[in-house]
Amino acid sequence: MDRRKFFKASLAGGAALATGAATCPAQARDNKPLPSEALGLLFDSTLCVGCKACVAACKEANGMPMEFSTKDQYWDTPLDISGKTLNVIKAYRDGKMEVKDREENGFAFIKKSCMHCVDPSCVSACPVSAMKKDPKTGVVTYDKDACIGCRYCVAACPFGVPRFTYDSATPQISKCQLCVHRHKDGKYAACAEVCPTGATLYGRVSVLREEARRRLAMKPGEMASFPRGHLRAAEEKVLQGAPQGKGAMQRAGWRVESDQSAYPNVAAKYLDHVYGEKEFGGTQMLMLSGVSFQKLGYPDLPPRSDAAASETIQHTLYGGLIAPIAVLGALTFIAKRNVKPEDEGGHHG
Amino acid sequence: MANHAHAPRPLGGSTFTPFTLLLGVLAAIAGVILVYRFINGLGAVTNLNDGYPWGIWIAYDVVVGSAFACGGYSMALLVYIFNKGQYHPLVRPALLASLFGYTLAGVSVIFDLGRWWNFWHIFWPGYAQVNSVMFEVAVCISAYIVVMWIEFSPAFLEKWGMKDVKQKLNKLLFFFIALGVLLPSMHQSSLGSLLVIFGQQIHPLWQSGMLLPVTYLLTAILLGFAVVIFEATLSSTGFKRQLETDVLAPLAKVMYLTLAAYVVLRVAEVLIRGALGTAFAATWQAFWFWVEMACFIVPLVTLASENARRSASKLFVGAVLLMLGGMLLRINGFLVGYMTGEGWNYFPSFAELMVTVGIIAFEILAYIYIVRNYPVLPAAQPATR
Amino acid sequence: MSETYIEETAEAAATVASRLRIDRREFMQFCAATATTLGLSSGAEAAIAKAVEKAKRPSVIWLHFQECTGCSESLLRAEHPTLEKLILDVISLDYHETLMAAAGHQAEAARKSAMKANKGKYILVVEGAIPTKQNGIYCKIGGHTAIDLLKECAADAAAVIAIGSCASWGGMPSTIPSIAGADSSPTGSSGVADVLGKPVVTIPGCPPNPYNFLATAVHFLTFGKLPDIDALGRPKFAYGRIIHEHCERRAHFDAGRFALEFGDEGHRKGYCLYKLGCKGPETYANCSTIGFGDVGESNWPVACGHPCIGCSEKGVGFTKPIHMTAQLKGMSPPASYPGVVEQQGKSSFASAAALAAIAGAAAGGAAMLAKNLGKQDEAQAPRKGE
């Protein structure tokens, strides 16, 4: 074949690719927006006393087995979230561990469980829709009957949240689903329900963001009041307890209030940062802390979600299958000219 | 160049040699380990963990394995799209190697899937999630395996004497060839795109972002050429046949140009993203980056001249280095440069490794069996003239 | 322990037993209980027995100021041995306004003579807070203010022990009323240490556990010095740990099972009282381990279903409302808690070796092949030239 033909072929191929890419409808995909009634958690490291009530309650509410990291298998001692554990409290320790919520010679507690990203990598990564994000509440759920066990979600999550039961012949992914199975009974996330100090607070993300800002505005060292359990927006109806009971009318009506009594405590010195408000396109679990989040094991993430980047590529190349079909057309045209059935003999040579 | 001299013919000869026996034993060991894995779960056999949910079964068997199987793709691209008919004798053996490479890559995915019995969900409209790169890769690879079997079927049809079917197929073959070029372009680039969603979890030296599909596609084509040269050299030595230097030398030139394009792109891409600084840190990632780059740059130097490309030994060494470089790019991207957070360790377990070895052994064994019994390799004069 | 030592101990026990008119067994029980409260090693009860036998009964002067006599009352209910035996025979209680028979000038004289006779050797026990406003006019005994009495008695005492929260840090009388501008109690009630301007041993509690006082006194008898104390003067054996640490309801706290209202299901099931305002997590005392009333260790407020009010802790008891939840103290992470980074996953030597072997073999094979090919190249080279 001569040079001319070669270039013609190259040009044809290139043109086909270019048209494919150009005619493709997809624009760069932005981060997804926060669902209207997004539910989440607010974890305040400065309030956490490390009692692990949330770890125990999580296991009970989700029917998860015990996990042991010690030789004596007396009680549940998970090192990290895993196929058997959806939620852990980890300790940050430095030097003499004298003061809580201080980086140097201090200590702090940190919760690790699903962040319920606004634009989750796991949902974008899953090839079979086993990971789903509820369009209304934004809770990221997992369906083991759909799952093929490829673990792309495990690898993709920047927080390392979905975990896998490697020791089973019928394994599955384990991750926090914000106790969605309890919602129908008017209950909410078990971790928030049992938290004695309100360090883990459940509620709508919009309400929790307000609460986080309220805390950041507090004067360190002064007594303040912290809601516990479920922080309800004013318009939210009473979901628990007798609706006709004492004070029910008030609760259903006019102010943001938690279902449990408030926890009085001295306001801590917060870092001026609500982790999860901007990170990675936002997460529905928000965090406050006195110690840098990186020291607590949470990565410093850009505001754009990786799912947006990944889907931009996929939509550009494969949106509506326009580009592949255009390229296939061009390739077929070229191949038809160049391929001669072998039986008739006479290849180029 | 006489056409008929190159018409493919079965090689003949005995399938049972000490070498094939060894391969058989290795494949059998892998089989036993896999039975154990399906009964007791992935954890019983592999060192996989939640920090490294993907081990060598994905990084090597699937990602590298399918790239090594790009010989058929690269040759089809060259012969049928760029109409370089002189390479036609190389197409069928390359296609065979690709067929095995891809089929086994596809099968090894099943070994790695935790809930493998649900595999069909990928192709089922209610389940399929089209935004997923994994979905694209899985569908595309599966389709390509089917297309390749169709492309290769003339070899079987010839042997079984089904002339009618073969003729009908031959008339439609151009379409399958076009598909056979499109599909690998799609999924080989997508194997790179798999890493995009890992974001910061991939070391900056390998997180090329939007360019990942380009670098992976380019190296896949490059690897395709290198593998064809590698296999041609091996089979000429192994089956005591004349080395087709006249065909390989110009092919080497095409490979060289692809290589040059890749190296320019890769260096520019690392520089522009400002990731080069991390290559001078005292880390394993930096070390393996330089090894990987050396594997690309050394052939760029040694294969620069026409004479060098005519030298069987230099060409062979160059091809091997390029295969190594392409392999390292993928292993580095998926394992060495994958940093999911502090505290996680992974190195394949012995059993895990033996499965990979067994798969490779099985692949070689099947290749030997097919070329001895089916018309694949071009009939050529014995090495001794 | 040597034979002679055991014999000596037995002898000592017999002597004391006859002196106190209690049986030997009961006396040894007292010694053992005291040793246990003190957290001493086994064998210490023998040392205590010997000390009690040998020592001349030390003189004790017991002052009462702003108080309810609850501390004395609780002490009266100690049973190992019954306290009347202790105060009459183990120690010489020379002045105690509630217990002494004397009154008026007679009582004053008893105090003066005891102080004179045992100068520098007697133990001064103070019960009740000391009012300090207006030169302490709010509490006078025998025409002397509490401040003067305390200073006078403390001057020549071998040791000063403040019993109860009032004497320790002001206690209930020191509560600041919720009136605008109030910054102290109406009478300026203070603890002993504040008035004397030097640290003293404090046994806070409202009332304190009698055994904490007894053990402190007996420690002084046995070893000639007061037990180790913390920065607030509290003996470490009794106040070294937070109630929460050894609370029998602790498991419920750890598991997140809380009583939310008095009488609710959780309360009836014995769940943790933290959310009802239990101050156990911020109160240092051994209530959860030794209990009250000599009826076993499950007799104390929390065991009865009432949240701890933190009576022994300054700034907690009588200060924080009972329903207010506690701030957890001293909760630095236990060693068993997972760190932020934990080493996970494994790698094996065998596979590393195998991989190295495979790589080596492959490299060797490729090199051999390349060498052979090189030879072929050389062989072919001249032919090309032809």
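Residues numbered from 1 in each chain as written. Chains lettered and ligands numbered in written order. Predicted model: local features only at pLDDT ≥ 70, side-chain atom pairs only at ≥ 80, totals over all residues. Heavy atoms only, no water.

## Thoughts on the overall build of chain B
We apply this condition: What counts as a helix is a DSSP run of H or I of at least four residues, what counts as a strand is a run of E of at least two, and both are numbered from the N terminus. For the radius of gyration, the atoms used are the C-alpha atoms, and the globule rule reads 2.2 Å times the number of residues raised to 0.38. Three exposure classes are used, based on accessible area relative to the maximum for each residue type with a 1.4 Å probe and protein chains only: buried under 20%, partly exposed in between, and exposed over 50%. In this analysis, two residues are considered to be in contact whenever any of their non-hydrogen atoms come within 4.5 Å of each other. All accessible areas in this document rest on Shrake-Rupley with a 1.4 Å probe, and a residue is counted as covered only by the protein chains that are shown. For the charge count, each Lys or Arg is scored as positive and each Asp or Glu as negative, with His and the chain ends excluded. Think of each charge as sitting on NZ of Lys, CZ of Arg, CG of Asp or CD of Glu.
In terms of regular secondary structure, chain B is built from twelve helices and zero strands. Counting from the amino terminus, chain B carries its helices and strands in the arrangement α-α-α-α-α-α-α-α-α-α-α-α. For 385 residues, the compact-globule formula gives about 21 Å, and the C-alpha radius of gyration of chain B, at 21 Å, lands near that figure. Taking the principal axes of its C-alpha atoms as reference, chain B extends roughly 60 × 50 × 45 Å. Within chain B, buried positions represent 61% of all 385 residues. Expressed as a percentage of contacts within chain B between residues at least 6 apart in sequence, the contacts between residues at least 24 apart total 81%. A total of about 14200 Å² of accessible surface is found on chain B, and carbon and sulfur atoms cover 73% of it. Averaging the positions of the 21 positive and the 16 negative side-chain charges in chain B gives two centres separated by 12 Å.

## Concerning the overall build of chain C
On a plain count of helices and strands, chain C comes out with 16 helices and nine strands. Across the 386 residues of chain C, 50% fall into the buried class. Taking all contacts inside chain C whose residues are at least 6 apart in sequence as the whole, residues at least 24 apart take part in 72%. Summed over its atoms, the accessible surface of chain C is roughly 18200 Å², and 56% of this surface lies on carbon and sulfur atoms.

## Here we look at the interface of chain A and chain B
Short version of the rule: Note on definitions: buried area is the accessible-area loss of two parts on being combined, 1.4 Å probe, summed for both. Definition used for salt bridges: Asp or Glu carboxyl oxygen within 4 Å of a side-chain nitrogen of Lys or Arg. Polar contacts here mean pairs of N or O atoms no more than 3.5 Å apart (in protein, one a potential hydrogen donor and the other a potential acceptor; neighbouring residues in sequence count only if both atoms are side-chain atoms).
Contact residues are listed per partner, giving 72 residues for chain A and 68 residues for chain B. Between chain A and chain B lies a buried interface of about 6000 Å² when both sides are counted; carbon and sulfur atoms form 59% of it. Looking at the side of chain A facing chain B, the largest losses of area belong to I148, Y152 and Y166 of chain A, adding up to 12% of the total buried there. Here chain A is connected to chain B by one salt bridge. For the salt bridge of R151 of chain A with D112 of chain B, the shortest nitrogen-to-oxygen distance reads 2.7 Å. Linking chain A to chain B there are 35 residue pairs in polar contact (both at pLDDT 80 or more). Listed by contribution, the elements that provide at least two residues to the side of chain A that touches chain B are α1 (3-23), α3 (121-125), α4 (152-156), β7 (163-164), α9 (306-318) and α10 (322-338) of chain A.

## With respect to the interface of chain C and chain A
Our working rule: By the convention adopted, Pro, Cys, Tyr, Trp, Phe, Met, Ile, Leu, Val and Ala count as nonpolar, Lys, Arg, Asp and Glu as charged, and the other residues, Gly among them, as polar.
Listed by partner, the interface residues are 24 residues for chain C and 36 residues for chain A. Ranking the residues of chain C by area buried against chain A places Y337, P338 and V340 of chain C at the top, with a combined share of 27%. At the boundary of chain C with chain A, the tally comes to twelve residue pairs in polar contact (both at pLDDT 80 or more). Residue composition of the side of chain C that touches chain A, grouped by class: 14 nonpolar, six polar and four charged.

## Regarding empty space enclosed by the protein
All names here are of chain B. To keep it simple, the criterion reads: Method remark: on a 1 Å grid restricted to protein atoms, a set of points is classed as a cavity if a 1.4 Å probe fits but cannot get out and as a pocket if it is open with protein on both sides within 12 Å along at least five of seven lines; lining residues have an atom within 4 Å of a point. Grid points are joined across faces, edges and corners, and a volume is the space filled by probe spheres set on the points.
Considering all chains together, one arrives at 16 cavities of 30 Å³ or more under this definition. Empty space within the largest cavity amounts to approximately 120 Å³. In terms of lining residues, the largest cavity is bounded by 14 residues, among which L90, P93, A232, S235 and L377 are the most central. When residues of the lining of the largest cavity are traced back to their parent elements, those giving at least two are α4 (88-112) and α7 (212-238). Looking at the lining of the largest cavity element by element, the count peaks at five residues for α7. Among the residues forming the lining of the largest cavity, the class breakdown is eight nonpolar, three polar and three charged.

## A closer look at the sheet that holds strand β1 (residues 59-64) of chain C
Residue and element names in this part refer to chain C. Worth spelling out the cut-off: Any two strands between which DSSP finds at least two bridges are classified as paired. Angles run from 0 to 180 degrees between N-to-C directions of axes, and those axes are lines fitted to C-alpha atoms, restricted for helices to the stretch in contact.
With respect to topology, five strands assemble into an open sheet ordered β2-β1-β3-β7-β9, the strand pairing being parallel. What marks the edges here is a single partner per strand, and that holds for β2 (92-96) and β9 (201-203). Geometrically, the sheet is characterised by an average inter-axis angle of 20 degrees between neighbouring strands, direction not taken into account. One ladder, built from five bridges, connects β1 with strand β3 (residues 123-127); its direction is parallel. Following the sheet pairing, L63 is matched in β3 by V126.

## Some points on α7 of chain B
Filter applied, for reference: Expected helix span is computed as 1.5 Å times (number of residues minus one).
Its 27 residues place the ends of α7 of chain B 37 Å apart at the C-alpha level, agreeing with the 39 Å of an ideal helix rising 1.5 Å per residue. Of all 27 residues making up α7 of chain B, 19 are buried, and the element is well covered by its neighbours.

## Observations concerning the pattern of salt bridges
By the definition in use, this model includes 30 salt bridges over all chains. The partner of K100 of chain A in a salt bridge is D101 of chain A, and the shortest N-O contact between them spans 3.5 Å. Given a relative accessible area of 14%, D101 of chain A falls into the buried group. Note that R273 of chain B is salt-bridged to E269 of chain B, the shortest N-O span being 2.6 Å. Under the relative-accessibility criterion, E269 of chain B is labelled buried at 4%. Salt bridges here are not isolated pairs; linked through shared partners, they connect D44, E211, R214 and R215 of chain A.

## Quick look at the environment of L248 of chain B
Residues and elements named next belong to chain B. Mapped onto the secondary structure, L248 falls in helix α8 (residues 245-272). You can call L248 buried: its relative accessible area is 1%. Spatially, the C-alpha atom of L248 lies 26 Å from that of T103, the residues being 145 residues apart in sequence. If sequence neighbours within four positions are ignored, L248 has contacts with L90, I229, A232, L243 and L315.

## Describing a nonpolar patch on the surface
All names here are of chain B. This is how it is decided: What makes a patch is a set of residues exposed beyond 30% relative accessible area and free of salt bridges, joined within 9 Å when like-charged and within 5 Å when nonpolar (Val, Leu, Ile, Met, Phe, Trp, Tyr).
A cluster of nonpolar side chains, contributed by F19, L22, I360 and I364, occupies part of the molecular surface with about 340 Å² of accessible area. Contributions of two or more residues to the nonpolar patch are made by α1 (18-40) and α12 (350-373). Mapped onto the secondary structure, F19 falls in helix α1. Take F19: its relative accessible area is 46%, and that puts it in the partly exposed class.

## Focus: the nonpolar core
The cut-off we apply is this: Here the nonpolar core consists of buried residues drawn from Ala, Val, Leu, Ile, Met, Phe, Trp, Tyr and Cys, with membership extended through side-chain atoms lying within 4.5 Å.
Counting 171 residues, the largest nonpolar core has M131 and Y152 of chain A together with M75, L194, F198 and L251 of chain B as its most contacted members. Here this core gets 15 residues from one element, more than from any other, and that element is helix α5 (residues 133-160) of chain B. Setting aside its immediate chain neighbours within four residues, Y152 of chain A contacts A125 of chain A together with W54, S132, V133, M134, S193, L194, I197 and F198 of chain B. In this structure, V49, Y188, L201 and M287 of chain A belong to the second largest nonpolar core, which totals 72 residues.

## Description of the state of the cysteines
Residues and elements named next belong to chain A. To keep it simple, the criterion reads: Two cysteine sulfur atoms form a disulfide, by the criterion used here, when they sit within 2.5 Å.
Here the structure, examined in full by the defined rule, presents zero disulfides over all chains. Not engaged in a disulfide, the cysteine C48 finds its nearest cysteine sulfur in C54; these two sulfurs lie 6.4 Å apart. Free of any disulfide, C157 has its nearest cysteine sulfur in C117, 6.0 Å distant. Residue classification places C157 among the buried residues on the basis of a relative accessible area of 8%.

## Things to note about α4 of chain B
Each α-helix turn comprises 3.6 residues. Residues three or four places apart therefore point the same way. The end-to-end C-alpha distance of α4 of chain B, which contains 25 residues, comes to 36 Å, matching closely the 36 Å that a straight helix rising 1.5 Å per residue would cover. Within α4 of chain B, 21 of the 25 residues are buried, which leaves the element mostly enclosed by the surrounding structure.

## Topic: unusual backbone geometry
Cis geometry marks the peptide bond from C206 of chain C to P207 of chain C; its omega dihedral reads -5 degrees. Even without glycine at this site, N105 of chain A takes up a positive phi of about 50 degrees. Mapping N105 of chain A onto the fold places it in the loop between β3 (99-100) and β4 (106-112). Positive phi, normally seen in glycine, also occurs at H116 of chain A, with a value near 50 degrees. Looking at H116 of chain A, the relative accessible area reads 1%, which means it is buried.

## Let's talk about the pairing of strand β7 (residues 159-163) of chain C
Residue and element names in this part refer to chain C. Of all five residues making up β7, five are buried, and the element is well covered by its neighbours. The alternating pattern of β7 places A159, I161 and I163 on one face and V160 and A162 on the opposite face, and all of these are buried. Pairing between β3 and β7: five bridges, direction parallel. Looking across to β7, one finds that V125 is bridged to I161.

## Regarding the confidence of the model for chain C
So the rule is basically this: A residue's pLDDT is the confidence the predictor assigns to it, expressed on a 0 to 100 scale.
For chain C, per-residue confidence averages 83 on the pLDDT scale, and residues scoring 70 or more make up 85% of the total. Interface confidence in the predicted complex, given as ipTM, is 0.90; pTM for the same model is 0.81.

## As for the packing of α1 of chain B against α12 of chain B
The description of two helices packed together rests on the angle between their axes and the distance between the axes. All names here are of chain B. Our working rule: For this classification, under 35 degrees means roughly parallel, over 145 means roughly antiparallel, 65 to 115 means roughly perpendicular, and everything else is oblique. The crossing is said to be left-handed when, going from far helix to near helix, the turn is anticlockwise and less than a right angle, and right-handed when the turn is clockwise.
It is the contact of α1 with α12, at a shortest axis distance of 7 Å, that shows an interaxial angle of 135 degrees. The angle between α1 and α12 falls in the class oblique. Relative to α12, α1 is oriented so that their crossing is left-handed. In this structure, α1 uses F19, T20, L23, G24, L26, A27, I29, A30, I33 and L34 to contact α12, whose residues at the interface are A351, M354, V355, V357, G358, A361, F362, I364, L365 and I368. Split into classes, the residues belonging to the contact of α1 with α12 amount to 17 nonpolar, three polar and no charged.

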